[in-house]
Amino acid sequence: MEKDRKLEHIQMAFDSQTGFPEQDRRFIYEPLLAAHPEKDSHPFSFLGKQMRAPLWVSSMTGGTGVAKNINRNLAQACREFGLGMGLGSCRKILFDKTYWEDFDVRDLIGPDQPFWANLGVAQVEQLLAKKEEQAIVDLIGNLNADGLIVHVNPLQEWFQPEGDHLTQPPLETIQQLMSRIQVPLIVKEVGQGMGRESLRELLKLPIEAIEFAAYGGTNFSKLEMMREDEALQTLHQPFAFVGQTAEQMLKDVNSLVDESEVACRSLIISGGVKNYLDGYYLVSKSKLPAVFGMASAVLKHATGDYKDLKIYIENLLSAYRMAEAYLRVNSAYEGQ
């Protein structure tokens, strides 16, 4: 048996050659300085709750029929592994409880994990105009959520045939919301990230976090384009390729933190985070407390049986702990 294994290793040695072009120069590998990590991570505080791993289950879905199973799987995983979770848009349950069970997962996730409701900035603007902001307070309270994620999506709304027209800059809507009701807020984009000046203004606000939803991941503007006829898809395609990556946004945030005091407390780094090493690299470089999200990768494993999702997250977090133990960020690396 040992002989067979050695013969197998000889063949595999030929097949496992690596070259300089594939080298991940973001890291310095330090194999002598740590033992293999323990299975469980140490708890840490984030958004006023306890997490055991820096993985955020980014806003997904709701009100679609299959969403109930997805959200229940995600909530169960968050409880088991100590993760935080943001719901998909809760617009459908603001005034109609038909799909309430798709979103009502606090009992599954438990009281100790971060759990956040979600509305688009267009819906917030409309509620404020009608003086119906109490509906937001009620939504958060009835879901037993910790606060509200406001997703900012002017391009998505514009591309969407049934999209809403924004009558004022999203920043003004967010400021008005904060002046009218006292609820913890996270502000995120929906797949194209945001530039330095938008980040500067958000960092001035006493919000709990900015979620990047940066360029390079699921792009909801591009998603809406795909629903258009072929002529409009061709016309609007250039917009799909604008935005800021997570690395670009983090560089801007770190620079702005160095320039002045900021009121925003933390970051959720998502969008284009393809694997645990991307997440580890970005979280390690952040000057604000940060976790990372991998929405599409997690969603692929959440649509069926919970066991599939459990195995995926278990393996992902095990690899992340190995990165923490043996990799140091290469300060000389300047990115691409």
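Residues numbered from 1 in each chain as written. Predicted model: local features only at pLDDT ≥ 70, side-chain atom pairs only at ≥ 80, totals over all residues. Heavy atoms only, no water.

- With an unreviewed UniProt entry as reference, the protein chain is termed Isopentenyl-diphosphate delta-isomerase, source organism Mangrovibacterium diazotrophicum.

## A few points about the overall build of the protein chain
Phase 1: Check the secondary structure of the protein chain and you find 15 helices and 12 strands.
Phase 2: Relative to its 336 residues, the protein chain shows a buried fraction of 47%.
Phase 3: For the protein chain, the computed accessible surface area is about 17400 Å², with 52% contributed by carbon and sulfur atoms. (Helix = DSSP H or I, 4+ residues; strand = E, 2+ residues; numbered from the N terminus. Buried < 20%, exposed > 50% of the residue type's maximum accessible area, 1.4 Å probe, protein only. Areas by Shrake-Rupley, 256 points an atom, 1.4 Å probe, with all protein chains shown as cover.)

## Some remarks on a nonpolar patch on the surface
Phase 1: Nonpolar side chains collect at one region of the surface, where W158, F239 and V242 lie side by side and expose about 310 Å² of accessible area between them.
Phase 2: Mapped onto the elements of the fold, V242 is located in the loop between α11 (230–236) and α12 (246–259). (Patch = residues over 30% accessible without salt bridge, like charges linked within 9 Å, V, L, I, M, F, W, Y side chains within 5 Å. Salt bridge = Lys/Arg side-chain N within 4 Å of Asp/Glu carboxyl O.)

## Quick word on the environment of Q233
Phase 1: Residue position: Q233 is located in helix α11.
Phase 2: In this structure the C-alpha to C-alpha distance between Q233 and F159, which are 74 residues apart in sequence, comes to 9.8 Å.

## Considering the sheet that holds strand β10 (residues 267–269)
Phase 1: Taken together, the 8 strands give a closed barrel; going around it, the order is β4-β5-β6-β7-β8-β9-β10-β11, and neighbouring strands pair in parallel fashion. On average, each strand axis in the sheet is tilted by 30 degrees relative to the strand beside it, whichever way the strands run.
Phase 2: Packing of helix α6 (residues 134–143) onto the sheet brings it into contact with β6 (115–120) and β7 (148–151), and relative to β6 it is tilted by some 150 degrees. (Pairing = 2+ DSSP bridges. Axes fitted to C-alpha atoms, helices over the stretch in contact; angles between N-to-C directions. Contact = heavy atoms within 4.5 Å.)

## Topic: the pairing of β7
Phase 1: Residues L148 and V150 point to one face of β7 and I149 and H151 to the other, with burial holding for every one of them.
Phase 2: In the sheet, β6 pairs with β7 via 4 bridges, with the strands oriented parallel. Its bridge partner being in β7, L119 is matched across the sheet by V150.
Phase 3: Summarising the sheet, β7 and strand β8 (residues 185–188) pair through 4 bridges and their orientation is parallel. Counterpart to I149 in the pairing with β8 is I186.

## Description of unusual backbone geometry
Phase 1: For L47, which is not glycine, the phi dihedral falls at a positive 55 degrees.
Phase 2: Within the element layout of this structure, L47 appears in the loop between β2 (44–46) and β3 (49–51).
Phase 3: Judged by relative accessible area, which is 13%, L47 ranks as buried.
Phase 4: Non-glycine residue N144 carries a positive phi angle of around 55 degrees.
Phase 5: The partly exposed category is assigned to N144, whose relative accessible area is 47%.

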